[in-house]
Every structure is written in C-alpha cells, then in structure tokens.
Amino acid sequence: MVMGGALPPQVMGDSSITTQWCVQAKSKNKKKSSKKDKKSKKKDKKDKKKSKQSDKATASSLMSVPTIGKTTTTTVVPQQNTNALLAVTIPKGVSNQVLNYQAIRVNFNPSLRIPNCVAYELTATMVAMADAPGHEVRKNYNYAKDKSVKTCPENWEYRGSGYSRGHMAPAMDMRWDKTTMAQCFYMTNMCPQDTKLNNDHWRVLEERVHRWAKRDKRIMVYTGPIMGKDPKMIGKDKKNIAVPDAFFKVLYAPDQGRAIAFIYPNTPCPGGIKKYAVTVAEVERRTGLTFSNAIPKHQCKIEDWE
C-alpha cells in the first residue's frame, strides 16, 4: 500500500497511463521538493553566517594547537595579543618591541638586546602534555635568532662570556608542542644568566611553577631581568647585550585570586625559595613595570603556594 497520496492506476499492459501518472507524480514532488530546498538553503545560509561570526569571535581570543602524539584532541591557548592579563606596561623611555609568539608574549628591548618581560599562561593541560610520554625533547632544539627582530642576538654572542643563555619562558613549560618549543629557544627569550643560578635554584623555582600550574589549573607567569644603572655588557665587542643584576618571576593564579613574586640576584643563590619571595608591588618598584590591576600586588605568602 502507498501511504500519503493517490494510488497509481493499476492498468495491466498499458504502460502509457502508468508513465503519465509517474510524470505527474514526479512533477508534484519536484514542486514540493523545490519549496523545501529553498527553505533549506535559506536556513543553511543563516546557519553558515552564524557559524562564521561565532568562529571569528572565537578566533579573536583563542587559537587551537594540536597536541603531541597520535591523539586527535586539541588544547586551547589564549592568543597572547588579546589576553589582557598578560599585558605589561613598560616604563616610558624604555625601548620595547612586543613579540606575540604562539604561547608567549615577549616584551623585547632592542637597545639592551634582552627581554624587558616575558609573559605566558600555563595551564594544567599544557603541563600534562609537557610531561606525557612523547613530549618534545630539549636536545632536539637549538638556540636561534628570530630573523624578524633586527637586534635579536646571535647564539654565538654568548660564547666565552661566562654566562648561560637563560630562558625567561623555560623549555620545561613549552615542550608540549613543536612550535612553542622552537620559539622558546629564540634568543629574544634569553638573558645572560649566572650558570650556577640557571642550573640550580632558578631551575628549582621553574619546577615549582610547573607543579603549581598543574594543581591550580592555570597560572599567569611573568619573568624578566632587573637592571642596574650601569650594567655589564657582553656580546660582540662586549658591548651589545646587557647583563641583569637580578631576575624576577611574578605568578598569578586567577581562579584562586592568589599572587606572589620572587627576585633572585644574578649570582649563585643559596637557600630555599622562601628567602627570595617578595610582593608583586616590590617587582614593580624595582623594574618600573606595571602588571594587570587584576593581580593582587601585596601578597607574599609562600605557605599559600606550597
């Protein structure tokens, strides 16, 4: 039985009548289908328009980065040029060039040839990926000049200086992705750092930050140099790259409303991290930088982080 319409003529041996009925039926169906198609096309156009608008809005604040390994999931990294929490105000008169890499924002000083401040958001997802089997391996990456930055140092300019190429955004936090790992090895992310400090207590602090981000879900990390009035210089002719007197690291956990900072002299630093804990306000005073007003400026309780 045919439901929902007239029955076809049951004419034995007269195919012309049957054919005529089929043509009429098809014609009716085409008209109905045509109306449905027009409505469907209009709806598709509206849906596509909404989808494009949604995609544009999302793209303006987020970027998807493929995870390592064979998994098909993605981790979402806030774009550094639209993440208001990562904005740092540089003092007037201080040379500054903003570089928005995939996962880090570098405020680079073209005159001193070191960063004024390097900022990034470290999430629990990134930490898990960075620590997972198959993560990017540090030995596979070399220090490199960012060719888009005119005054970026060359790798060889640190040789024989007695200082390490000290990462401001550490490779430990960036090994979840090839691009982020390569970019953290740009010389725009480096400062001349005491070798013992770099390999010892500074590394311990970086490991704590890595662990805290896993626990707190996300942490905003700001790192950079504290300059003296007449800094020592290294590089070509020993006068091109400024050597910091000390280094700061500011941490802010937005979900917990918790902040703390650390200042380490650019020398071997004995003692635990509690000895070097300070307020964010103290870092602002020593550097002239201004961090987001969302960050509590006067907290300094290491117990809240440990």
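Please refer to the structure higher up on the page.
Values in this document were obtained by computation on a predicted structure and should not be read as measured data.

Participant: Just to check I follow, could you spell out the overall build of the protein for this structure?
Facilitator: Scanning the protein from terminus to terminus reveals 6 helices and 13 strands. Within the span of the protein, comprising 306 residues, buried residues form 43% of the whole. Intrachain contacts of the protein at a sequence separation of at least 6 include 62% that bridge at least 24 residues.

Participant: Would you mind showing me how to read the sheet that holds strand E3 (residues 97-100) here?
Facilitator: Either a parallel or an antiparallel arrangement is found when strands of a sheet pair, and the pairing is made through backbone hydrogen bonds. Pairing in this open sheet of 7 strands is antiparallel, and the strands run E3-E4-E5-E8-E11-E12-E13 from one edge to the other. One side of each edge strand has no neighbouring strand; the edge strands of this open sheet are E3 and strand E13 (277-278). Here strand E11 (residues 246-253) pairs with strand E12 (residues 258-265) via 8 bridges, running antiparallel. Pairing of Ala253 across the sheet is with Arg258, part of E12. Where helix H5 (residues 201-216) meets the sheet, its contacts fall on strand E5 (114-123), strand E8 (218-226), E11 and E12, and the angle it forms with E11 comes to roughly 10°.

Participant: Before we go on, may I ask you to explain the packing of helix H2 (residues 124-131) against H5 in this structure?
Facilitator: Helix-helix packing is described using two parameters, namely the angle between the two axes and the distance between the axes. Two numbers describe how H2 lies on H5: the axes approach to 7 Å, and their chain directions differ by 125°. When the interaxial angle is binned, H2 and H5 end up oblique. Crossing angle aside, the handedness with which H2 passes H5 is left-handed. For the pair H2 and H5, the contacting residues are Ala124, Val127, Ala130 and Asp131 in the first and His210, Ala213 and Lys214 in the second. Partitioned by chemical class, the residues of the contact of H2 with H5 number 4 nonpolar, 1 polar and 2 charged.

Participant: Could you clarify how one ought to interpret the nonpolar core in this entry?
Facilitator: Generally speaking, nonpolar side chains in soluble globular proteins are found buried as a group. Residues Leu251, Phe262 and Tyr264 are the most contacted members of the largest nonpolar core, which totals 55 residues. A per-element tally of this core places H5 first, with 5 residues. Counting 22 residues, the second-largest nonpolar core is a separate cluster that includes Leu85, Ala119, Phe291 and Ile295.

Participant: Just checking my understanding: could you explain the environment of Val106 for this structure?
Facilitator: Along the polypeptide, Val106 turns up in strand E4 (residues 105-109). The class for Val106 is buried, based on a relative accessible area of 0%. Residues Val106 and Cys117, spaced 11 residues apart in sequence, show a C-alpha to C-alpha distance of 6.2 Å.

Participant: Mind showing me how you'd approach the pattern of salt bridges here?
Facilitator: It is possible for side chains of opposite charge to pair when their charged atoms get near one another. Inspection of the entire model under this criterion finds 14 salt bridges. Taking the shortest distance from any N to any O, the salt bridge between Arg218 and Glu121 comes out at 3.5 Å. With Arg218 in strand E8 and Glu121 in strand E5, the pair connects residues that are 97 residues apart, well separated along the chain. Residue Arg218 is classed as partly exposed on the basis of its relative accessible area, which comes to 27%. One salt bridge in this structure joins Asp216 and Arg215, with 2.9 Å as the shortest N-O distance.

Participant: Can you walk me through the packing of aromatic side chains in this structure?
Facilitator: Each pair of aromatic rings is reported with the distance of its centres and the angle of its planes. Going through the model one piece at a time under the given rule, you end up with 9 aromatic pairs. Taking the centre distance of 5.6 Å and the plane angle of 90° together, the rings of Trp202 and Tyr264 count as edge-to-face. Linking Trp202 in helix H5 with Tyr264 in strand E12, this pair joins segments that are 62 residues apart in sequence. What links up through ring pairs into an aromatic cluster is the set Trp202, Phe247, Tyr264 and Tyr276. A cation sits over an aromatic face here: Arg258 above Trp305, 4.7 Å from the ring centre.

Participant: Where do I start with the side chain of Gln183 in this structure?
Facilitator: Checked against the element boundaries, Gln183 lands in helix H3 (residues 178-184). Excluding residues that lie within four positions of it along the chain, Gln183 makes contacts with Tyr101, Gln102 and Ala103.

Participant: I'm lost on the pairing of E3 in this one. Help?
Facilitator: As defined by bridge partners, E3 adjoins E4 across 4 bridges and the pair is classed as antiparallel. Considered in E4, the bridge of Leu99 is made with Val106. Hairpin connection of E3 to E4: 4 residues between the antiparallel strands.

Participant: For this particular structure, what's the right way to read the side chain of Asp173?
Facilitator: As for its placement among the helices and strands, Asp173 is situated in the loop between strand E6 (163-167) and H3. A polar contact of 2.5 Å, which involves the side chain of Asp173, links it to the side chain of Tyr120. The residues touching Asp173, leaving out its near neighbours within four places in the chain, are Tyr120, Leu122 and His210.

Conventions used here
- Residues numbered from 1 in each chain as written.
- Predicted model: local features only at pLDDT ≥ 70, side-chain atom pairs only at ≥ 80, totals over all residues.
- Heavy atoms only, no water.
- Helix = DSSP H or I, 4+ residues; strand = E, 2+ residues; numbered from the N terminus.
- Buried < 20%, exposed > 50% of the residue type's maximum accessible area, 1.4 Å probe, protein only.
- Contact = heavy atoms within 4.5 Å.
- Pairing = 2+ DSSP bridges.
- Axes fitted to C-alpha atoms, helices over the stretch in contact; angles between N-to-C directions.
- Parallel < 35°, antiparallel > 145°, perpendicular 65-115°, else oblique.
- Left-handed = near helix turned anticlockwise from the far one by under 90°.
- Nonpolar A, V, L, I, M, F, W, Y, C, P; charged D, E, K, R; others polar.
- Core = buried A, V, L, I, M, F, W, Y, C linked by side-chain atoms within 4.5 Å.
- Salt bridge = Lys/Arg side-chain N within 4 Å of Asp/Glu carboxyl O.
- Phe/Tyr/Trp six-rings, centres within 6.5 Å; stacked < 30°, edge-to-face > 60°.
- Lys NZ or Arg CZ within 6 Å of the ring centre and 35° of its normal.
- Polar contact = N/O pair within 3.5 Å; in protein donor to acceptor, adjacent residues only side chain to side chain.

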